[in-house]
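Residues per chain are reported as follows:
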Amino acid sequence: MKKFIALALASVMTLSLAACGGSSEPAADSAATAGTAISGDTIKIGVFEPTTGENGGGGMQEVLGIRYANTVAPTVDINGTTYNIELVEVDNQSDKTAAVTAAQSLISSGVVGVLGSYGSGVSIAAGQTFAEAGVPAIGCSCTNPQVTLGNDFYFRTCFLDPFQGTVMASYAAVDQGYKTAAVISQNGDDYSTGLAAYFKQAFESLGGTIVADETYQTNESDFNAILTSVKESGAEVVFIPSSIATATLILPQAQANGVTAQIIASDTWENESIVMAAGSAAEGVVFSTFFDENDESTPLAKDFVTGFKAYLNEDSQRITLNGGTDGVAAVSALGYDAYMSMVEGLKALDGVEGDLTSVNLRDALVGVSFSGVTGNISFDENGDANKDAAYLKQVVDGKFTFVKKQMDETAE
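Residues numbered from 1 in each chain as written. Predicted model: local features only at pLDDT ≥ 70, side-chain atom pairs only at ≥ 80, totals over all residues. Heavy atoms only, no water.

Draft legend 1. Region of the structure containing the sheet that holds strand β5 (residues 137-139). An order of β2-β3-β1-β4-β5-β6 is seen for the six strands of this open sheet, with the pairing classed as mixed. Each of the sheet's edge strands pairs with one partner strand only, and the pair in question is β2 (75-78) and β6 (154-156). Sheet twist, expressed as the average angle between the axes of neighbouring strands with direction ignored, equals 30 degrees. By the bridge criterion, three bridges tie β5 to β6 in an arrangement that is parallel. Its bridge partner lying in β6, Ile138 is registered against Phe155. (Pairing = 2+ DSSP bridges. Helix = DSSP H or I, 4+ residues; strand = E, 2+ residues; numbered from the N terminus. Axes fitted to C-alpha atoms, helices over the stretch in contact; angles between N-to-C directions.)

Below, the structure is given as structure tokens:
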């Protein structure tokens with residue numbers, strides 16, 4: 001099985017990474033880009049997330065992880081000065097056009113670093129704005145390869161879609177022995193279409209056949225025609241990389257249309273609002289994600305879960321924003337790790353002479369390496385996290401249940 005995964009992953013990664021790449025060296029245009037200077041005793045860090053729109057639920061969980069991290073590490077010492085870290089939050093509205101405006105507002109506010117976003121499309125849309133301003137961004141859960149490719153100022157703490165798509169294809173074709181699959185993805189959404197492509201290529205490389213390849217438009221709510229086609233195709237498994245909002249709509253319709261194929265999905269489906277909205281229609285769904293709150297393999301992860309749950313339960317509004325429970329979403333853990341990555345970069349400025357700038361911070365982030373709650377955090381030549389594991393979970397009796405931890409045997 002691992003051999004199949006390695007071959008499939010190598011294939012999709014070759015396609016996605018061949019075009020261009022970032023650099024682990026100081027940014028080539030650092031000298032020309034002044035960036036933003038740190039002034040006074042406050043360091044502003046932007047929080048670039050969707051808190052409304054189709055990805056608002058997941059974006060809010062990411063924000064909660066960042067906010068909690070800020071309570072754990074609210075200051076940083078650099079060259080003998082203690083700086084307060086202030087979060088400047090903007091809502092990119094799950095929209096590419098709004099994302100650019102939100103990014104510009106962060107730059108105007110004087111941030112020296114940015115965290116986010118949930119959603120690859122908005123991250124890609126805003127990437128050039130951050131790069132031109134010389135302000136580094138650290139994505140938390142934006143998994144499409146294009147987020148960092150060719151952008152020396154974008155980093156991230158999550159694994160990538162080539163790996164995630166291959167993991168789900170392997171689960172379907174190897175673990176479960178399915179020979180036929182259907183794929184349903186959203187037109188124009190970088191995350192959905194990209195992940196669908198990686199799954200399809202990996203599934204076929206493992207000997208499977210894609211018998212239905214369906215797409216829908218943004219804000220579409222009637223999936224009956226698509227689901228009829230999927231049912232008639234005879235697919236044994238259906239892969240749906242979608243937003244939370246789409247999942248809550250498509251699952252009940254799949255049940256109503258008599259779709260009995262195994263439904264599998266991606267990291268965005270780890271949100272309890274889906275189970276609350278879809279009810280019995282969500283039973284049995286399997287998805288990949290970045291973290292499991294019940295994994296106590298490291299004391300750091302265990303302490304994070306305990307602390308974050310306490311943070312949520314201090315305020316009923318936080319529970320509401322977290323989807324109505326104190327469950328620890330993987331994106332909250334990634335938000336926490338992204339914030340701590342930024343703090344580690346700031347710490348590395350200790351000893352830098354002269355003005356401290358966002359460009360200095362970008363160059364410091366290249367060498368960041370520390371233990372995070374989602375695993376060891378360091379960045380490769382593209383600014384991507386050196387992650388080698390995914391968690392698979394299944395909805396059982398209305399709860400997220402751990403299935404397996406899938407390692408990437410191609411990672412060094």
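Picking up where we left off.
Draft legend 2. How the structure looks around unusual backbone geometry. In the segment running from Gly116 into Ser117, the intervening peptide bond is cis, with an omega of 25 degrees. With respect to the element layout, Ser117 can be found in the loop between β4 (113-115) and α4 (120-133). For Gln93, which is not a glycine, the phi torsion comes out positive at approximately 60 degrees. Locating Gln93 in the fold gives a position in the loop between β3 (81-91) and α3 (96-109). When its relative accessible area of 44% is taken as the criterion, Gln93 is described as partly exposed. Of note, Asp397 is a non-glycine position whose phi angle comes to about 55 degrees, a positive value. (Buried < 20%, exposed > 50% of the residue type's maximum accessible area, 1.4 Å probe, protein only.)

Draft legend 3. A look at the packing of aromatic side chains. For the structure shown, the criterion picks out 18 aromatic pairs. Ring geometry for Phe130 versus Tyr154: centroids 6.1 Å apart, planes at 65 degrees, classification edge-to-face. You can see Phe130 sitting in helix α4 and its partner Tyr154 sitting in strand β6, a full 24 residues away along the chain. Taking the centre distance of 4.9 Å and the plane angle of 55 degrees together, the rings of Phe304 and Tyr336 count as tilted. Residue Phe304 is found in helix α10 (residues 299-313), and its partner Tyr336 is found in helix α12 (residues 330-347); the two are separated by 32 residues along the sequence. Residue Phe304 is classed as buried on the basis of its relative accessible area of 3%. Overall, Tyr336 belongs to the buried group, its relative accessible area being 11%. Members of the aromatic cluster, joined through ring pairs, are Tyr68, Phe291, Phe304, Phe308, Tyr311 and Tyr336. The ring of Tyr311 has Arg318 lying over it, and the distance from NZ or CZ to the ring centre is 3.9 Å. (Phe/Tyr/Trp six-rings, centres within 6.5 Å; stacked < 30°, edge-to-face > 60°. Lys NZ or Arg CZ within 6 Å of the ring centre and 35° of its normal.)

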